[in-house]
Amino acid sequence: MNLVCLLAILIICIGRSTEGASRPAVVNIGALFAVSTINGGVSKIAIKAAEEDVNADPSILNGTKFSVSIHDSNYSGFLGIIGALKYMESDTVAIIGPQTSVMAHIISHLANELHVPLLSFTALDPTLSSLQYPYFLQTAPNDEFQMNAIGDMVSYFGWKEVVALFTDDDQSRNGVTALGDKLAEKMHKISYKAVLPPDPTATRDQVKNELLKIQIMESRVIVLHTFSRTGLLVFDVAKELGMMESGYVWIATAWLSTVLDSTSPLSQKTKDSIEGALTLRPHTPDSKRKRAFISRWKKLSNGTRGLNPYALYAYDTVWIIAHAVNLLLDQGGTISFSKHASTPGYGGGIMNLSALSVFNGGKQLLENILQTNTTGLTGPLAFHSDRSLVNPSYDIINIIENGYQQIGYWSNNSGLSVVPPETAPNRSSSNQHLAAVVWPGGTTNKPRGWVFPNNGKKLIIGVPDRVSYRDFLSRQNGTDIAKGYCIDIFLAAIKLLPYAVPHRFELFGDGHKNPSYNELVSNIASGKFDAAVGDIAIVANRTKIVDFTQPYIESGLVVVAPVRGSDARAWAFLKPFSPLMWGLTAAFFLIVGSVLWVLEHRLNDDFRGPPRKQIGTILWFSFSTMFFSHRENTVSLLGRMVLIIWLFIILIINSSYTASLTSMLTVQQLSSPITGIDTLISSIEPIGFQVGSFAENYLIEELNIPKSRLIPLGSPEEYANALKERTVAAVVDERPYIELFLSDNCMFSIRGPEFTKSGWGFAFPRDSPLAIDMSTAILTLSENGELEQIHDKWLSKKACASQTSDLESNQLQLQSFWGLFLIVGTACFIALVIHFSLAFRQYLRRSPEDDHHSDLEPSGHGSTSSGTTATRRLTFLSFIDEKKDQSKDNKSKRKREEIMRKSSNWHEKEDVPRNVSTSKRVQVNKSEILHTSDNGTWLTR
């Protein structure tokens with residue numbers, strides 16, 4: 001019984017295993033395309049070629065037929081939906097398509113419910129998210145990468161703004177949104193979005209109306225994101241309107257490259273209309289399989305369509321599905337379908353929704369597709385975790401007179417490059433390159449990318465109507481004509497631009513008081529003015545709403561206050577030196593005098609005598625060197641060296657003292673209780689500022705000075721009166737104004753340094769390219785000297801003596817002379833060391849000698865001198881104090897030699913028995929010389 005049961009179970013298991021391992025006879029795949037379009041036509045050919053290759057390959061599907069049926073949607077969204085429903089009713093395991101992103105958004109909802117993967121290489125809307133549409137997969141790079149490439153191109157050529165011209169459908173609209181995001185990352189923007197009806201419904205008049213709007217705008221860089229029929233119509237109308245001439249830039253998305261690749265030959269009219277444009281083509285690396293397929297293409301298409309990259313993507317998509325289905329079957333999966341839980345109630349009638357069935361293996365098939373890792377005609381086939389293809393890249397094509405030229409590549413890894421992405425280095429700012437471009441109009445010079453709007457209007461430039469400091473800017477009497485320093489700078493810069501700038505000045509203000517410059521700048525941001533020219537300070541809050549040019553003059557806030565001339569004083573002669581300088585100088589006079597006394601004392605009678613005399617000599621000699629009137633001579637070498645160095649130092653100190661005292665006595669010295677912004681802040685006295693200046697806001701917001709302390713002043717005369725009458729303690733204003741004010745008001749002075757750093761510039765709307773060109777022109781004016789010439793014309797005036805920056809004491813400080821004192825101190829130290837070393841050496845040589853001197857007294861009886869003198873050793877200080885007799889040593893030496901010679905002669909004449917030993921003792925210069933007759937020698941002790 002147990003054996004029977006075991007056999008039955010074994011039979012059942014084997015049967016189920018055989019059933020699970022069985023493969024279906026046919027696997028059905030659907031495809032949705034408008035076959036009359038360029039991409040639809042080449043895709044149909046490539047899909048059928050791939051179907052044949054899959055069925056002819058015995059290593060895949062193991063005998064199961066791979067069947068692909070194509071439904072022609074004929075540009076109709078309705079027919080596309082019908083085709084999708086038809087496939088999902090007929091046990092289709094995957095669908096290639098749809099061709100457009102509009103249909104992809106709709107059909108993806110069906111795919112999500114019925115678990116049928118959708119694979120599209122033409123519906124490339126970047127918003128078709130894998131989170132919202134998990135069963136939708138793009139098998140070609142989506143438009144986000146294409147827009148990244150265009151953004152990099154715009155940045156590479158340096159254009160700030162572009163106009164986006166696109167059809168009003170999901171793919172084009174969302175693609176332009178992605179372009180705007182990419183441009184914003186690089187500080188560029190889309191200045192205008194021109195929308196056309198969905199392809200192919202746009203009419204010539206509709207296109208013309210949009211192009212006429214673009215034609216009068218500032219930007220000349222146009223990005224055209226549409227499809228082939230509408231795109232060619234746009235170029236045709238643009239050619240008619242003269243928008244394919246020099247100065248324009250046209251960048252078309254990949255639709256134009258498909259026209260070039262698949263439409264042959266192009267009509268001459270079409271060639272002329274697109275000449276000079278740039279376009280992108282999905283990059284597919286060269287390979288043996290790709291070359292083989294290209295050689296087959298003419299036979300496959302019968303010469304009706306040229307091959308473009310989307311045909312290659314179609315071919316690879318079929319193989320991706322075939323490999324995934326084969327893996328599904330190898331994994332033991334089945335091709336089976338089940339009824340959807342929600343559709344039975346909708347059965348019957350024309351729309352038999354109950355026939356829609358869920359693909360049971362859809363989830364596994366989708367996972368197999370995402371795990372694809374192979375190589376196709378388009379290169380490596382694999383997907384990132386976000387389901388985008390690996391290594392997205394594009395060829396960049398420039399259309400020229402006789403066809404087109406490839407000027408470079410773009411890839412997500414390397415950016416712009418002139419070498420293929422497979423070998424290009426990783427992205428860096430230094431390796432972004434493209435080849436030369438032939439632009440519309442046949443020029444190779446890069447277009448500027450913008451012009452002044454061709455709307456019949458001149459630039460309206462706001463000019464502050466000043467009532468004070470009219471040298472900077474003013475209205476000519478009885479007219480609306482502006483003149484002044486700022487106007488001349490602007491006109492000189494305009495002349496350097498390579499294009500004309502039609503403009504007119506419009507005065508801003510009531511003419512009775514200086515206008516508010518913050519309000520002037522705000523009028524640019526609001527569009528009332530196209531620019532502003534004048535003495536406009538570049539400050540932080542203004543740069544938030546407008547763009548400024550390069551500063552044409554430096555500026556900054558300074559404090560000006562009244563000053564009084566210091567009264568002449570009896571002790572004014574002490575002012576040139578600081579107290580420390582005086583003290584150190586006096587100390588060195590005494591030090592140098594003492595050093596010279598030490599060096600000269602033993603040799604020079606002028607430095608000897610009673611203590612009182614020697615002290616007087618030191619003081620007299622020290623201070624008399626100041627006037628080079630010392631009468632004592634120096635005889636020692638060391639003393640002369642020290643004296644020469646000291647006299648050189650004295651010469652420099654005397655000259656500096658004389659120059660400083662002269663300056664102090666001839667230039668009025670000014671003083672004020674206000675020494676700068678810090679003392680002004682700490683006080684409670686009122687502060688004046690110029691009406692309309694940013695100084696008011698700065699003092700209140702940045703320095704926290706109460707508004708009640710601030711007094712508005714409208715003219716230099718009001719400045720002077722307020723300062724004289726002590727209405728204000730000081731005035732805070734920008735340096736150019738203050739310098740002009742001080743040229744006529746010498747009783748005031750700038751106190752302290754600038755406490756802000758800024759400059760004046762011309763203001764333009766945000767991202768205005770004219771601001772960049774004007775900055776370049778201002779730098780040119782600075783380099784060629786014209787900026788300085790204009791400054792001298794209007795602002796060069798004789799400055800007062802009080803216009804010095806900071807009237808603190810000009811005393812000479814020790815810091816200016818410490819090097820000199822170091823030199824003379826070092827010289828004195830070295831001289832003393834050498835002097836005492838030599839003296840000590842002499843002292844050591846002299847110490848064994850007796851203190852008394854006696855003549856030589858020979859004794860026939862060998863007796864010594866009548867009395868011995870006790871040896872007295874001198875102390876070192878006593879030795880130093882005594883005068884050195886330079887001839888004494890030489891005389892002693894000569895006398896010793898003479899005595900020795902006489903004694904020798906006397907010894908030879910004396911008759912002394914040989915056996916008697918006698919000796920004689922003589923004293924020579926405090927030394928005893930003993931002669932021994934035994935051996936005839938002389939001994940000295």
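Conventions adopted
- Residues numbered from 1 in each chain as written.
- Predicted model: local features only at pLDDT ≥ 70, side-chain atom pairs only at ≥ 80, totals over all residues.
- Heavy atoms only, no water.
- Axes fitted to C-alpha atoms, helices over the stretch in contact; angles between N-to-C directions.
- Helix = DSSP H or I, 4+ residues; strand = E, 2+ residues; numbered from the N terminus.
- Parallel < 35°, antiparallel > 145°, perpendicular 65-115°, else oblique.
- Left-handed = near helix turned anticlockwise from the far one by under 90°.
- Contact = heavy atoms within 4.5 Å.
- Nonpolar A, V, L, I, M, F, W, Y, C, P; charged D, E, K, R; others polar.
- Salt bridge = Lys/Arg side-chain N within 4 Å of Asp/Glu carboxyl O.
- Buried < 20%, exposed > 50% of the residue type's maximum accessible area, 1.4 Å probe, protein only.

At a minimum axis distance of 9 Å, the contact between helix α12 (residues 309–330) and helix α13 (residues 362–370) shows a crossing angle of 125 degrees. Taken together, α12 and α13 sit at an angle that is classed as oblique. α13 is crossed by α12, and the crossing has right-handed handedness. Facing α12, whose interface residues are I320, A324, V325, L327 and L328, α13 presents Q364, L365, N368 and I369. Residue composition of the contact of α12 with α13, by class: 7 nonpolar, 2 polar and no charged.

For the bond from G97 to P98, the omega torsion is 0 degrees, close enough to zero to count as cis. Examined against the element boundaries, P98 turns out to sit in the loop between β3 (92–96) and α4 (101–114). Cis peptide bonds are those with omega within 30 degrees of zero, and the linkage from D199 to P200 qualifies with 5 degrees. A positive phi angle, close to 60 degrees, is found at R726, a residue other than glycine.

Bringing the pattern of salt bridges into the picture now. Between side chains of opposite charge, pairing is possible as soon as their charged atoms come close. On inspection of all chains with the given rule, the structure shows 26 salt bridges. Note that R475 and D465 form a salt bridge whose closest N and O atoms lie 2.6 Å from each other. Placement of R475 in strand β19 (residues 474–475) and of D465 in the loop between β18 (459–464) and β19 is noted, with a sequence separation of 10 residues between them. Since its relative accessible area comes to 3%, D465 is described here as buried.

The next point concerns the packing of helix α7 (residues 204–215) against helix α8 (residues 228–240). The interhelical angle for the contact between α7 and α8, taken along N-to-C directions, is 60 degrees, at an axis separation of 9 Å. On the basis of the axis angle, α7 is oblique to α8. Handedness of the α7/α8 crossing: right-handed. On the side of α7, the interface is formed by R204, V207, K208 and L211, while α8 contributes L233, V234, D236, V237, A238 and E240. When the residues that make up the contact of α7 with α8 are grouped by side-chain class, the tally is 6 nonpolar, no polar and 4 charged.

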